[in-house]
Structures are given as C-alpha cells and as structure tokens.
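# Coordinates in review
If you want the building blocks of each chain, they are given just below.
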Amino acid sequence: MVTSLCVLLAVAFFTLLERKILGGVQIRKGPNKVALWGIIQPLADALKLFIKEGVSPHGSNQFLFFLAPVLSLTLGLSLWHLCPSEFSYKIVSWGLLLFFCISALNVYGTMLAGWSSNSKYAFLGALRAAAQTISYEVSMILILLFPAMMLITTSWDTAYAGFPVLFLFFPSMVVWFASSLAETNRAPFDFAEGESELVSGFNIEFGGGPFALLFLAEYASILFMSLATSVWFFLTSSAILLTFTTLVVSCMFLFARGAYPRHRYDLLMMLCWKSFLPFSLCVLMLILGSFLI
C-alpha cells in the first residue's frame, strides 16, 4: 500500500518534470503559476480531473468502460512490488518471469478501453496500440534475457547487487530502451495517440477520473521501465545509485519526446520484426554460445 502511494506521488511530480523539460526544449515556460515554480500543479490537475462529472458514451459497454482504467492502473502498480530494496521482507525468486507475465497483460487494458468506448477512433487506436505492444514485447523480453543470463539470475534483488551489464554490450541497452519507448506508447512511437488521424486514440472517450487513471498507469509503467533499465543494465549497488540512474533513464524518455518527431507506423513495425527481433535473437545465441564454450 505504501509502495503504491509513493508511486502515485512520484507519477504526479514526474508529469511536472515532463512539462518543465518540454518547456525548456521548446524555449518556453512550463507550469509556473500554481504555488512556487508551479510545484503543486500536478495536485491541481488531479483535483480538477477527479471532481469532473463522470460521463460515458452512449452505447458503450459501461462495465468494461470503467473496468479498463482500473485494470491498467492495477497492473501498473503491481509491477512495483518487484522493486528491489534492502528492506524487502519477501523476495520473488522468479521475479523476471512475473514481470513478463504482468507486462503481457497490459495490452488488455488498452484493448478494453478502445473496444468498450463504442467509437471507431478509439477502436482503431486500441488495435494499433495492441499490435505495437505485442510486437515490441517479443524483442523486449529477448533483450532482457541477455543481462539475466549474464548475471545468472531471474531475481530482481540479485540483479540489483550485480555488475553493470551495460559495458559488456552497449547496443543491447539501446535496443532495450527503444523497445521500452514502444512498449509504453511513448514518443516517437506514440501511434496509439496519433492526434492527426486518431484524435488521441483509445482514450478519446475518457474524461475526468477514468482518464486520470489511464495516464497514471502509463506514467507508472514508464517509471518502472526506467527502474528495470537501472537494475538490469546499470550498477545499482545502493538505493542512491538506483534512484539516480532511474531518474536519468526516465528523463531520457522525456528528452526523446522533445527531440524526435513521430515515425510512420509501418516503419515502426518493420523496425521491430526486421531489425530488433533478429538482433535480440543473435545476442541471445551469442550469450548461449559463450556458456557452451
């Protein structure tokens, strides 16, 4: 419970950090009116969203329409119980496999949100997001097996005390980061929210509280993917190092949004199946071959 509350608070101020960084990238001011330097702007946004009237589209599946945001947020928060810590009283020995299982379920929240909205734009956005998420999840899992085999563990707590796999094969971390961007539907791979053709995609019919839950789930996943990058690829032998590297990687998500334009959808899928997947298979064969030798 405490972990979930801390994650939600971190997500709130991560949105403020994103708006500040994007403001600096675009040579403008970010939020600066609410309190000192706009520091409580996320709390004002949350209050505004949760006191809005709940509205659902006519003809939508009411139960699934409100279930989808709750399911997405529940899955996003459940991942955080894998977070390694010196104060953990339970350690999941096969935590990496649990991460694969939970992250594979995230696509259901997106599909339910788009299908239950009774909107063609939302449904098309959900289909694109599902195809993108499932495709990049394959390469993401194969790439993550590389540090797991190098560290000879599937436990997050053991990897937390391991050595920096990043220096053994840097391109694998680059491919992992790009796959994480696509997995979390972040720019330049945010095709589920293409404003020019989908009008915000699968979440177009959501407003108020359900809309806030969807984006809380998205940002919680972004922060957890940053944590996963830190644990499996960087040196994180202490809580301070883990926090610092997680913050740096999460800022890379924001800089990627400010620096790169949105790509074409067919090029994104081609990048996955014709580049990332063969690369990840070759890396996996390389590490398996080194064990056999």
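Residues numbered from 1 in each chain as written. Predicted model: local features only at pLDDT ≥ 70, side-chain atom pairs only at ≥ 80, totals over all residues. Heavy atoms only, no water.

Looking at an unreviewed UniProt entry, one finds the chain named NADH-ubiquinone oxidoreductase chain 1 and attributed to Platevindex mortoni. Of the comments in the UniProt record for the chain, the one headed Catalytic activity (unreviewed entry) reads "a ubiquinone + NADH + 5 H(+)(in) = a ubiquinol + NAD(+) + 4 H(+)(out)". (UniProt positions renumbered as here; feature names shortened; annotations may be inferred.)

Of the regular secondary structure elements, the chain holds eleven helices and zero strands. Its helices and strands taken in sequence order, the chain reads α-α-α-α-α-α-α-α-α-α-α from the N to the C terminus. Taking 19 Å as the expected radius of gyration for a compact globule of 293 residues, we find that the chain reaches 19 Å, a close match to that expectation. For the chain, the C-alpha atoms occupy an extent of roughly 65 × 45 × 40 Å along the three principal directions. The 293 residues of the chain split such that 50% are buried. By sequence separation, contacts in the chain at least 24 residues apart represent 77% of the contacts at least 6 residues apart. As displayed, the chain offers around 14,500 Å² of accessible surface, 73% of which is attributable to carbon and sulfur atoms. (Helix = DSSP H or I, 4+ residues; strand = E, 2+ residues; numbered from the N terminus. Rg over C-alpha atoms; globule rule 2.2 N^0.38 Å. Buried < 20%, exposed > 50% of the residue type's maximum accessible area, 1.4 Å probe, protein only. Contact = heavy atoms within 4.5 Å. Areas by Shrake-Rupley, 256 points an atom, 1.4 Å probe, with all protein chains shown as cover.)

This part takes up the layout of surface pockets. Taken as a whole, the second largest pocket holds about 870 Å³ of empty space. What lines the second largest pocket is a set of 31 residues, and nearest its centre among them are Thr15, Leu49, Phe211, Phe215 and Tyr219. Mapped by element, the contributors of at least two residues to the lining of the second largest pocket are α1 (2-25), α2 (41-50) and α9 (209-233). In terms of residues, the lining of the second largest pocket owes the most to one element, α1, which gives eight residues. Each residue belonging to the lining of the second largest pocket can be placed in one class, and the counts come to 16 nonpolar, three polar and twelve charged. (1 Å grid on protein atoms, 1.4 Å probe; cavity = no way out; pocket = protein on both sides within 12 Å on 5 of 7 lines; lining within 4 Å. Points joined across faces, edges and corners; volume = space filled by probe spheres on them. Nonpolar A, V, L, I, M, F, W, Y, C, P; charged D, E, K, R; others polar.)

According to UniProt, the positions carrying the feature "signal peptide" (unreviewed entry) are residues 1-23. What you have in residues 1-23 is 96% helix and 0% strand, and the ends, taken at the C-alpha atoms, are 34 Å apart.

Their axes nearest at 9 Å, the elements α1 and α9 cross at an angle of 90 degrees. The orientation of α1 relative to α9 falls into the category roughly perpendicular. Along its contact with α1, which presents Val7, Leu8, Ala10, Val11, Phe14, Thr15 and Glu18, the element α9 presents Leu216, Tyr219, Ala220, Ile222 and Leu223. Taken together, the residues of the contact of α1 with α9 break down into ten nonpolar, one polar and one charged. (Axes fitted to C-alpha atoms, helices over the stretch in contact; angles between N-to-C directions. Parallel < 35°, antiparallel > 145°, perpendicular 65-115°, else oblique.)

Turning to α9, a few remarks are in order. Relative to the 36 Å expected for 25 residues at 1.5 Å per residue, α9 spans 36 Å between its end C-alpha atoms, a close match to the ideal helical length. Burial analysis of α9 places 23 of its 25 residues in the buried class, which makes it a mostly covered element. (Expected span 1.5 Å × (residues − 1).)

A separate point is the pattern of salt bridges. Within this structure, the stated rule accounts for six salt bridges. Its salt-bridge partner being Glu18, residue Arg186 comes within 2.7 Å of it at the nearest N-O pair. Here the residue Arg186 occupies a position in the loop between α7 (170-183) and α8 (195-198), and Glu18 occupies one in helix α1, the gap between them amounting to 168 residues. We note that Arg186, like Glu18, is buried. Two residues, Arg264 and Asp266, come together in a salt bridge whose shortest N-O distance is 2.7 Å. (Salt bridge = Lys/Arg side-chain N within 4 Å of Asp/Glu carboxyl O.)

Our next topic: α2. Turning to α2, its buried residues are Gln41, Pro42 and Leu49. End-on, the buried residues of α2 take up no more than an arc of 100 degrees, which puts them together on one face. Here the buried face of α2 lies against α1 and α9. (Arc of directions from axis to C-beta.)

With respect to the element layout, Asn203 can be found in the loop between α8 and α9. What Asn203 contacts, discounting residues up to four positions off in sequence, is Glu193, Phe211, Leu214 and Phe215.

What follows concerns the packing of aromatic side chains. In this structure the tally under the stated criterion is 16 aromatic pairs. Their ring planes at 75 degrees and their centres at 5.5 Å tell us that Trp80 and Phe224 sit as a pair that is edge-to-face. Of the two residues, Trp80 sits in the loop between α3 (62-78) and α4 (95-115) while Phe224 sits in helix α9, which places them 144 residues apart along the sequence. By relative accessible area, which is 0% here, Phe224 ends up buried. Three or more aromatic residues joined by ring pairs make a cluster, and in this case those are Trp80, Phe99, Phe100, Trp156, Phe224 and Trp232. In this structure, Arg128 is placed above the aromatic ring of Tyr265, and the distance from its NZ or CZ to the ring centre is 5.2 Å. (Phe/Tyr/Trp six-rings, centres within 6.5 Å; stacked < 30°, edge-to-face > 60°. Lys NZ or Arg CZ within 6 Å of the ring centre and 35° of its normal.)

Per the UniProt entry, the sites bearing "transmembrane region" (unreviewed entry) are residues 63-82, 94-113, 134-153, 159-181, 202-225, 231-255 and 267-292 in this numbering. Secondary structure across residues 94-113 divides into 95% helix and 0% strand, with the first and last C-alpha atoms of the span separated by 30 Å. Between the end C-alpha atoms of residues 267-292 the distance is 36 Å, and the span holds 100% helix and 0% strand.

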